[in-house]
Amino acid sequence: MPSPTTEEELAGIIAGAEGPFRILGGGTRPIGRPVQGTPLSVAGLSGITLYEPGALTMVVRAGTPLDQIEAALWAENQRLPFEPMDHRPLLGTSGTPTIGGVIAGNISGPRRVQAGAARDYMLGVRFVDGAGRILKNGGRVMKNVTGYDLVKLMTGSWGTLGVMTEVSLKVLPRPGAAATLSLTGLDDATAVRAMAAALGSPFDVSGVAHDPTAGETLIRVEGFATSVAYRAGRLSELLAPFGAATVSDDVEGVRARWREIRDVQTMAGQPGDVWRLSVKASDAPGIVARAGAEQVLYDWGGGLVWLRLAEGTDLRARLGAFGGHATLIRASAETRAAIAPFQPEPAPVAALSEGLRKRFDPKEVLNPRLML
């Protein structure tokens, strides 16, 4: 398996390609169509090349393990704002997640409702396209927006447009305190209304989730201790019509609970396929009722729904027309070959996507047809 250690070596490998490649970082997120091709690892392109805590900026090679990045940030009381999910529990994979995989998938966790997605913190990118050309875009500060659209385009492209070699990221301070408010016994529609009330408040909520199996609706606030205590109290008053809220302010306990939500750990090891549904939050309960899922978890106030269904179920066929996107996250290779894992694009968007793939990967050697 080719495992280049320099950008130039990677470019040479791709330029001389005689067949397709299956791009690998840590190998922890086998999502999309099963890709036939030679494994090409970027794990050798590893290391933090620049970290300026005072400027809230980090430049890092794509194959760098995520835990190495988080350890460096933790030492400076900083963090990745978008709280990237670890897919290993849900998918049953091993290995080490890399920053390249996170950015390639635009992987964002519960804090997305407050802080935004991984794409929003990308400052710059270096990558090798399917013709073996080394390209760079963006810079190291937010005000440097040269080619910013291409930086965003690479985020979430799943390695189909280029193999990332280096990314520049904005980071943020890590809050010292956190609290979770818990409401119990709410049905899905009522829970979505409660989460909407919390999100619509001025109290800077950083997480809103509903677990019907546990019968819990959860709201998170983070920041300075005095601010967290004040906002938790005010939110308890605001949410009183939905029931009495229990407040937990043990920081480690709060972090552990939201890691469980972030990583959908309640579905880990459970039988069946797992789908990720992105919809308008107010539509979510009705769509979930039509889905007939065996297990459900709402995140992002209802805008993101995780569904566990019987193996081989085509969720899109079951739902019919709906406003949103359904992505098959966990299933057998046979099911992922038979059912398009990513939501089929409308014809005009599909034409644009195909044009981009032809422009950046004319030989069709980079994760070919992963998205289709």
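Remember, it's a predicted structure, so these values are computed and weren't measured experimentally.

Participant: When you look at the pairing of strand E11 (residues 205-211) in this model, what are you seeing that I'm missing?
Facilitator: The side chains of a regular strand alternate, first on one face of the sheet and then on the other. Burial runs high along E11: 7 of the 7 residues are buried. With 6 bridges joining them, E11 and strand E12 (residues 216-223) adopt antiparallel strand pairing. Bridge pairing in E12 links Ala209 to Leu218.

Participant: How should I be thinking about the sheet that holds strand E7 (residues 134-138) in this particular structure?
Facilitator: Sheet strands pair via backbone hydrogen bonds, and the direction of the pair is either parallel or antiparallel. On the basis of which strands lie adjacent, the open sheet formed by 5 strands has the order E3-E4-E8-E6-E7 and antiparallel pairing. The sheet is open, and its two borders are formed by strand E3 (48-52) and E7, each paired with just one other strand. Strand-to-strand twist of the sheet, defined as the mean angle between neighbouring strand axes without regard to direction, takes the value 10°. Sheet topology places strand E4 (residues 57-61) next to strand E8 (residues 162-170); 5 bridges connect them, and they run antiparallel. Across the sheet, the residue bridging to Arg61 is Glu166, located in E8. Strand contacts of helix H1 (residues 7-15): strand E6 (122-129), E7 and E8, with the helix running at about 45° to E6, the strand carrying the most contacts. Strands E3 and E4 of the sheet are contacted by helix H2 (residues 66-75), whose axis makes an angle of about 25° with E3.

Participant: Help me understand helix H7 (residues 188-199), please; the structure alone is not making it clear to me.
Facilitator: Residue pairs spaced three or four apart in an α-helix point in one direction, given the helix's 3.6 residues per turn. Here H7 spans 16 Å end to end across 12 residues, near enough to the 16 Å set by a 1.5 Å rise per residue. Along H7, the positions that sit buried rather than exposed are Thr190, Ala191, Val192, Ala194, Met195 and Ala198. On its buried side, H7 packs onto strand E10 (177-184), E11, E12, helix H8 (225-238), helix H10 (284-291) and strand E15 (295-299). Near the N-terminus of H7, the side chain that reaches the backbone nitrogen of Ala189, with its oxygen 3.2 Å away, is that of Asp187.

Participant: It is not clear to me how the packing of aromatic side chains should be interpreted in this structure. Could you clarify?
Facilitator: Think of a pair of aromatic rings as described by two things: how far the centres are apart, and how the planes are tilted against each other in angle. Counted under the stated rule, the structure contains 4 aromatic pairs. Centre to centre, the rings of Phe127 and Phe360 are 6.3 Å apart; their planes meet at 55°, and the pair counts as tilted. Taken as a pair, Phe127 in strand E6 and Phe360 in helix H13 (residues 347-360) lie far apart in primary sequence, 233 residues in all. Of the two residues examined, Phe127 and Phe360, each falls in the buried class.

What counts and how
Residues numbered from 1 in each chain as written. Predicted model: local features only at pLDDT ≥ 70, side-chain atom pairs only at ≥ 80, totals over all residues. Heavy atoms only, no water. Buried < 20%, exposed > 50% of the residue type's maximum accessible area, 1.4 Å probe, protein only. Helix = DSSP H or I, 4+ residues; strand = E, 2+ residues; numbered from the N terminus. Pairing = 2+ DSSP bridges. Axes fitted to C-alpha atoms, helices over the stretch in contact; angles between N-to-C directions. Contact = heavy atoms within 4.5 Å. Expected span 1.5 Å × (residues − 1). Polar contact = N/O pair within 3.5 Å; in protein donor to acceptor, adjacent residues only side chain to side chain. Phe/Tyr/Trp six-rings, centres within 6.5 Å; stacked < 30°, edge-to-face > 60°.

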